[in-house]
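Examination of the molecular architecture
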Amino acid sequence: MRLGSAAEIAMNHTILPVLLAFRGDGDRSDALAAMGSPRLGALKSRLGLPASGHGAMSLLKACLSCMAIDVASHGTAYWHVEHQLSGVWLCAKHRELLHFSSSKRAGQRRFDWMLPDSGDLQECVGNSLHITDAFLVAISRLTTVAIAAGSAAKVSGIDLRAYKDAAWTGLQDGGHASKAGRLRAVEAV
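Just so we're clear, the structure is a prediction, and the values are computed from it rather than from any experiment.

Structural notes on the confidence of the model for the protein
Model confidence for the protein is summarised by a mean pLDDT of 77, while 76% of its residues fall at 70 or above. The spread of mean pLDDT over the elements of the protein runs between helix H10 (residues 185-188), the lowest at 51, and helix H5 (residues 64-74), the highest at 97.

Let's talk about the environment of Leu 43
For Leu 43, the position within the fold is in helix H4 (residues 43-46). Judged by relative accessible area, Leu 43 falls into the buried class, the value being 8%. Other than its neighbours up to four places away in sequence, Leu 43 contacts Ala 31, Ala 34 and Met 35.

Some details on the packing of aromatic side chains
Under the definition given, this model contains zero aromatic pairs. Its guanidinium or amino end placed over the ring of Trp 89, Lys 61 lies 4.4 Å from that ring's centre, counting from NZ or CZ.

What to know about the side chain of Asp 120
Mapping Asp 120 onto the fold places it in the loop between helix H7 (102-106) and strand E5 (121-123). Overall, the relative accessible area of 8% leaves Asp 120 in the buried class.

Focus on the sheet that holds strand E4 (residues 99-101)
Taken in spatial order, the three strands make up an open sheet running E1-E4-E5, and their pairing is antiparallel. Edge positions in the sheet fall to strand E1 (61-62) and E5, since each of these pairs with one other strand and no more. Bridge analysis of E4 against E5 gives three bridges, and the strand direction is antiparallel. Directly across from Ser 101, in E5, lies its bridge partner Leu 121.

Thoughts on unusual backbone geometry
Positive phi values are uncommon outside glycine, yet Arg 95 reaches one of about 55°. The residue Arg 95 is located in the loop between strand E2 (90-91) and strand E3 (96-97) in this model.

Remarks on H5
Cys 66, Met 67 and Asp 70 are the residues of H5 that are buried. Buried residues of H5 fall within an arc of 100° about the axis and therefore sit on the same side. On its buried side, H5 packs onto E1, helix H6 (81-84), E2 and E5. Immediately beyond the C-terminal end of H5, within one or two residues, lies Gly 75, with a positive phi of roughly 90°.

A word on the packing of helix H1 (residues 6-13) against helix H3 (residues 25-35)
Where H1 meets H3, the closest approach of the two axes is 8 Å, and the angle between their N-to-C directions is 110°. As far as their axial angle goes, H3 and H1 are roughly perpendicular. Of the two possible hands of crossing, H1 and H3 adopt the one that is right-handed. Packed against H1, whose contacting residues are Ala 6, Ala 7, Ala 10 and Met 11, the element H3 presents Arg 28, Leu 32 and Met 35 at the interface. Classifying every residue of the contact of H1 with H3 gives six nonpolar, no polar and one charged.

Concerning the nonpolar core
Membership of the largest hydrophobic core is limited to nine residues, which are Ala 10, Met 11, Leu 16, Leu 20, Ala 31, Leu 32, Ala 34, Leu 43 and Leu 47. Of all the secondary structure elements, the ones that give two or more residues to this core are H1, helix H2 (16-20) and H3. The dominant element in this core, judged by the number of residues it contributes, is H3, at three residues. Here Leu 47 is in contact with Leu 16, Leu 19, Leu 20 and Arg 23, once residues within four sequence places are set aside. Membership of the second largest hydrophobic core comes to eight residues, among which are Cys 63, Cys 66, Leu 85 and Ile 147.

Thresholds applied
Residues numbered from 1 in each chain as written. Predicted model: local features only at pLDDT ≥ 70, side-chain atom pairs only at ≥ 80, totals over all residues. Heavy atoms only, no water. pLDDT = per-residue confidence, 0-100. Helix = DSSP H or I, 4+ residues; strand = E, 2+ residues; numbered from the N terminus. Buried < 20%, exposed > 50% of the residue type's maximum accessible area, 1.4 Å probe, protein only. Contact = heavy atoms within 4.5 Å. Phe/Tyr/Trp six-rings, centres within 6.5 Å; stacked < 30°, edge-to-face > 60°. Lys NZ or Arg CZ within 6 Å of the ring centre and 35° of its normal. Pairing = 2+ DSSP bridges. Arc of directions from axis to C-beta. Axes fitted to C-alpha atoms, helices over the stretch in contact; angles between N-to-C directions. Parallel < 35°, antiparallel > 145°, perpendicular 65-115°, else oblique. Left-handed = near helix turned anticlockwise from the far one by under 90°. Nonpolar A, V, L, I, M, F, W, Y, C, P; charged D, E, K, R; others polar. Core = buried A, V, L, I, M, F, W, Y, C linked by side-chain atoms within 4.5 Å.

Structure follows, in structure tokens:
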């Protein structure tokens, strides 16, 4: 158990803490038990992923610069948890737009274990889109918020409902969201 127990791996090296952030202790226990068993079974359904905005299948995303560093340091590239968080479309370290696995998205290899491969990756934002500085600033801000939320989800003892309320209040106070609960994308840029 060089990397830790199944529960330690799940909570420190996957996006599971984010998926469990607003769930009860029973869901957490069930998810950790499923992660430690040979079969995940209906874990996605129990977490509500097929019915959520995440869907049952999330994109696997990678930064080409991180991949090059991984290969030089470890002999292979690997998926970085930070890149897999919802809302992260930019590598915070390299300030590069992420790429996604087309095999996982197309479904032909969606149940396979696989590592990032530059031959399989596509740009998350196509070349046809003119990327402005304002777009990059907005994506950078979204990435910062998503990473902070992902980090907070890993810390035990944090009241994540209070965290969500504080983040929402900050968006409203900054003019980035209305009191009615709608984001104002133009003002956020």
